[in-house]
Amino acid sequence: MSKDLNLTLHVWRQKNAKCDGKFVEYPAENISPDMSFLEMLDIVNEGLIRKGEEPITFDHDCREGICGTCSMVINGRPHGPRERTTTCQLHMRSFKDGDSVTIEPWRAEAFPVIKDLMVDRGALDRIIAAGGFISVPTGSPQDANALPIPKEKAELAMDAAACIGCGACVAACPNASAMLFLSAKVTHLGLLPQGQPERYTRVRDMVAQMDAEQFGTCTNHGECEAACPKGIKMENIARMNRDFIKASLTYRPAVVGGGAG
Amino acid sequence: MSVAEQSIAGAEARGHGFLASSVGRKVVMAATGVILFGFVTVHMLGNLTSYMGASAMNHYAEFLHTMIHGMGIWAFRAVLLTAVGLHIWAATTLTLDNMAARPTGYRAQQNVASTWASRTMRWSGVILAAFIIYHLLHLTTGTVHPAFDPANPYANFVNGFKVPAASGFYIVAQLCLGLHMWHGVWSCTQSLGLAHPRYDRLRRNFATGLTVLVVGVNISYPIAVLTGFIH
């Protein structure tokens, strides 16, 4: 069994959205390399609680890389140094004994800090609500094969649907842009027949909401793609731009008073 | 208010204008960028006449000034000025939006995929704007040229580059152009939605090839004058 680790953490502590925050140094001692990064933080927090100090607040939920909740920037990279990994899937064997680890919250105007490492990602929910949906009649489900969907389209839509909305793309982008997130939603729904009725209103509404939330814009650095735990591709951003251009060219303003007939 | 109501209110407050939207301004940036890359490529090709001697280059200059009864050059200038204006407008407003989107930076930011060229687009762009103003005052109006003769562009070209400081600034500006083009040519395909896995390598290679060609040939002009190859 490999040796336990002793690390020095530099953690962003901020009491609430209004207070200024600062980095505080904490030792993380006797950490098993088999622990996840979040378990390491749990141990540090137990120590803080025993000493009567306020534990470090951080977001976490499923701890199996699906929910996208465990947002933190570890040594300058969202979810830490490993590719295609969320923080909960990051193990302490990725660090060396004596390492210094800087832990910061997602940094974006659109993601206000709630406390310490926890940020409010409601902006992503509002973008989804602006257009990331399809309209279907409820009731008994349709026969699975009623709508022919080419295998390739189904795969591409599924790849985009792998987005867990964690916000790592925003955190990694030097412009705090959410375009990889948007493009995943636009692609996921826009490639499938069920998504066609709202395809062009969706992209315009979601982009308008993204701008209203004060996310930045894409300058094609590629940091989002590198940080994405689910491997969402920048090709989706180009597809979204394509749909946006077409939507802007063909947009018809809503008719007041309803259509004839 | 529910999340959905907040969304609709937010989007309506912002308006749906193409030019007001971030993606719309990216498209303006990319489309005007294509015009400007096209221009620098043609400009580089036209100046190859300097290697063919004084009469070839002066005839080429005369052609530019007299084509379509002298209207042609003004049509080109109008398109270029509009493109430059829109490009700078889009770049400025998007940059300000992007800076506002990340008011607090990271203590430790690791760049994984971005390039030095992509991170310095703003700086290379500002240096290029300054260079273009100098270049126009130098070889178009002759204001800052030591011995400007409107009737002899070839002599202006040679005499202008004989000043090492002027040549040095041209070379530095061309290296900035290289950084700007290398990221920009690839980046504009992305902003215009022209992406497909089959053409990913082509896009990258086209950007690299065009950049090396334009910058390489452009840098050769001052060097050729300073070394006496063009005299």
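About the criteria used
- Residues numbered from 1 in each chain as written.
- Chains lettered and ligands numbered in written order.
- Predicted model: local features only at pLDDT ≥ 70, side-chain atom pairs only at ≥ 80, totals over all residues.
- Helix = DSSP H or I, 4+ residues; strand = E, 2+ residues; numbered from the N terminus.
- Buried ≥ 20, exposed ≤ 12 C-beta atoms within 10 Å, placed from the backbone.
- Contact = placed C-beta atoms within 7 Å.
- Nonpolar A, V, L, I, M, F, W, Y, C, P; charged D, E, K, R; others polar.
- Core = buried A, V, L, I, M, F, W, Y, C linked by C-beta atoms within 7 Å.
- Domains from an automatic or database assignment.
- Axes fitted to C-alpha atoms, helices over the stretch in contact; angles between N-to-C directions.
- Parallel < 35°, antiparallel > 145°, perpendicular 65-115°, else oblique.
- Left-handed = near helix turned anticlockwise from the far one by under 90°.
- Pairing = 2+ DSSP bridges.
- Expected span 1.5 Å × (residues − 1).

## Some remarks on the overall build of chain A
Within chain A one finds eight helices and seven strands. Counting only C-alpha atoms and orienting by the principal axes, one finds that chain A spans roughly 75 × 40 × 40 Å. In chain A, which comprises 261 residues, the proportion classed as buried is 48%. Partitioning the contacts of chain A with sequence separation of at least 6, the portion at a separation of at least 24 is 71%.

## Notes on the overall build of chain B
The helix and strand tally for chain B stands at nine helices and zero strands. Mapped from its N terminus to its C terminus, chain B presents α and β elements in the order α-α-α-α-α-α-α-α-α. Reported as C-alpha extents along the three principal axes, the dimensions of chain B are approximately 75 × 45 × 40 Å. Within chain B, the fraction of its 231 residues that count as buried is 30%. Taking the contacts inside chain B whose residues are at least 6 apart along the sequence as the reference set, 72% of them involve residues at least 24 apart.

## Things to note about the interface of chain A and chain B
Each partner contributes residues to the interface: chain A has 47 residues there, and chain B has 45 residues. Residue assignment for the side of chain A that touches chain B shows that the elements contributing at least two residues are β5 (100–104), α2 (122–131), α6 (199–212), α7 (223–227) and α8 (235–250) of chain A. Looking at the side of chain A that touches chain B, the element that brings in the most residues is α8(A), giving nine residues. Looking at the side of chain A that touches chain B residue by residue, the class counts come to 19 nonpolar, 14 polar and 14 charged.

## Topic: the nonpolar core
For soluble globular proteins, the rule of thumb is that nonpolar side chains tend to be buried together. Ranked by internal contacts, the top residues of the largest apolar core, which has 108 residues, are A:C169, A:V170, A:A178, A:L180, A:F181 and A:L182. The element that contributes the greatest number of residues to this core is helix α8 (residues 164–191) of chain B, accounting for eleven residues. When residues of this core are sorted by domain, at least three fall in each of domain 1 (5–114) and domain 2 (121–136 + 144–250) of chain A.

## Examining the packing of helix α2 (residues 22–47) of chain B against helix α9 (residues 200–226) of chain B
Residue and element names in this part refer to chain B. The contact between α2 and α9 brings their axes to 10 Å, and the two run at 40 degrees. Our classification of the angle between α2 and α9 gives oblique. For the pair α2 and α9, the sense of crossing is left-handed. Within the contact between the two elements, α2 uses V40, T41, M44 and N47 and α9 uses L210, V214, V217, N218 and Y221.

## Describing the domain arrangement of chain A
All names here are of chain A. When its domains are assigned, chain A resolves into domain 1 (5–114) and domain 2 (121–136 + 144–250). Computed over C-alpha atoms only, the centres of domain 1 and domain 2 are separated by 28 Å. Each partner contributes to the interface: domain 1 provides 18 residues, whereas domain 2 provides 17 residues. Residues of the side of domain 1 that touches domain 2, tallied by class, amount to eight nonpolar, six polar and four charged.

## Focus on the pairing of strand β1 (residues 5–13) of chain A
Residue and element names in this part refer to chain A. Pairing geometry for β1 and strand β2 (residues 22–31), over eight bridges, is antiparallel. By the bridge assignment for β2, H10 is matched with E25. In this sheet, β5 lies alongside β1 in parallel orientation, the contact comprising four bridges. In the strand pairing of β5, T8 is matched with S100.

## Regarding helix α1 (residues 37–50) of chain A
All names here are of chain A. The terminal C-alpha atoms of α1, which comprises 14 residues, lie 20 Å apart, in line with the 20 Å expected from a rise of 1.5 Å per residue. Buried residues belonging to α1 abut β1 and β2. Trailing α1 by a residue or two, G52 shows a phi angle of about 80 degrees, which is positive.

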